[in-house]
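The residues making up each chain are set out below.
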Amino acid sequence: MTHAPGRIFGLIAGLFLLGALFGGCTSARSDKPLPLEKTTFSGSASQLQIDLPGRRNAVTQPLPVAPEAAPFVRDATRFDTERQDGLQLVCAAVHFDNAAIAGRLGAPGTPARQNFYAAFQESALSAFIAAFQSSDAAPDIQQSRETLPVNGRDLVVLSVDYTSAFKTPGRFKTVLVPDDTETWIITLLYNANDKMLAEQIDRIIQSIRLIT
C-alpha cells in the first residue's frame, strides 16, 4: 500500500509531459501584457478556475488508468492549451475513488487516509521531475518548493529553471491543488527571461480556485 501513490502518478506523468516541455516555451509575446481572463476547466468531480492572459482553447485528453491504480483512481484527464503570448498551460485532474479508498484506509481525516494523500502529493512532484528529466534530457535543472495559501487551500508550488537538451533556457511552475476527491496538477511554462510574464505568473497562481 505504501507504494500505491507513486504507481498512480507514474501512470500519468509521462503523458502529462508529452509534447509540453521540449525545447522550452519560446513563442513570442506582445509588448504589453494581455488582461487576465477567467478560464474554467471541468474535471470529473470538480471545476478548476484560473485567470489566464487572453482567451485560450484547451485540448482535453483522457489518460489511461492501469489496473494497479484502479482501486484508487476512477479516471484522469489532461488539459493542454496552445502556446500564446509566451505562456502555455498544461494541467491534469486525478479523480480518486473515495468509496474504495475509505474501504481500505478509513474515513476522511484518519491518519492512514492523510498519509495516503501526503504520499501521493510527494510522489506526484517527484515523478514529474523525474519524467521531465528523462523526456527532455535537460542537462541542468534547479528546483524549489513552497506552500502558498490560495482561496482556502494550501497549494504546493514547484518552481523549475532548466536548460533543455537544445541548450534553450526554460522555466515552469507546477502547482498541486489538493483535494480528497479530485486533485489537480497545473504546469505553467513561460519564457525564462520574461520579467513581465513572471510577475503575471504570481497573479495567475493566486487566482486558482477549485469548485467541488
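How each quantity is defined
Residues numbered from 1 in each chain as written. Predicted model: local features only at pLDDT ≥ 70, side-chain atom pairs only at ≥ 80, totals over all residues. Heavy atoms only, no water. Helix = DSSP H or I, 4+ residues; strand = E, 2+ residues; numbered from the N terminus. 1 Å grid on protein atoms, 1.4 Å probe; cavity = no way out; pocket = protein on both sides within 12 Å on 5 of 7 lines; lining within 4 Å. Points joined across faces, edges and corners; volume = space filled by probe spheres on them. Nonpolar A, V, L, I, M, F, W, Y, C, P; charged D, E, K, R; others polar. Buried < 20%, exposed > 50% of the residue type's maximum accessible area, 1.4 Å probe, protein only. Pairing = 2+ DSSP bridges. Expected span 1.5 Å × (residues − 1). Arc of directions from axis to C-beta. Axes fitted to C-alpha atoms, helices over the stretch in contact; angles between N-to-C directions.

Visitor: Tell me what's going on with unusual backbone geometry, and back it up with residues and numbers.
Guide: Notably, Asn151 is not glycine yet its phi reads approximately 50 degrees, a positive angle. Counting through the fold element by element, Asn151 comes out in the loop between β6 (140-150) and β7 (153-163).

Visitor: With reference to specific residues and values, describe the layout of surface pockets.
Guide: To locate leftover empty space, one rolls a probe as large as a water molecule over the atoms. Reported here for the largest pocket is a volume of approximately 190 Å³. Among the elements that take part in the lining of the largest pocket, helix α3 (residues 111-136) stands out by supplying 5 residues, more than any other. Taken together, the residues that form the lining of the largest pocket break down as 3 nonpolar, 4 polar and 4 charged.

Visitor: So what's going on with the pairing of strand β8 (residues 169-177)? Residues and values would help.
Guide: For β8, the tally of buried residues reaches 7 of 9 residues, placing the bulk of the element in the interior. Between β7 and β8, which follow one another and run antiparallel, lie 5 residues, and Lys167 among them has a positive phi close to 65 degrees. Note: β8 against strand β9 (residues 182-190), 7 bridges, orientation antiparallel. Looking at the pairing, Lys173 lines up with Leu188 of β9. With antiparallel pairing between neighbouring strands as the criterion, β8 and β9 make up a hairpin whose turn holds 4 residues.

Visitor: Which residues make up helix α4 (residues 195-206), and what are the values?
Guide: The end-to-end C-alpha distance of α4 is 17 Å, a good match for the 16 Å that 12 residues give at a rise of 1.5 Å each. All of the buried residues in α4 are Leu197, Gln200, Ile201, Ile204 and Ile205. Viewed along the axis of α4, the buried residues span an arc of 140 degrees, placing them on a single side of the element. Of the residues in α4, the exposed ones pointing more than 90 degrees away from the buried face are Lys195, Glu199 and Arg203.

Visitor: Describe the sheet that holds strand β10 (residues 209-211), naming the residues involved and giving the relevant values.
Guide: The strands making up a sheet are joined through hydrogen bonds of the backbone, oriented either antiparallel or parallel. A sheet is described by the order of its strands in space; here 3 strands give the open sequence β1-β2-β10, paired in antiparallel fashion. Where the open sheet ends on each side, the last strands, each with one partner, are β1 (36-42) and β10. For this sheet, the mean inter-axis angle between neighbouring strands, taken without regard to orientation, is 30 degrees. In the sheet, β1 pairs with strand β2 (residues 47-53) via 7 bridges, with the strands oriented antiparallel.

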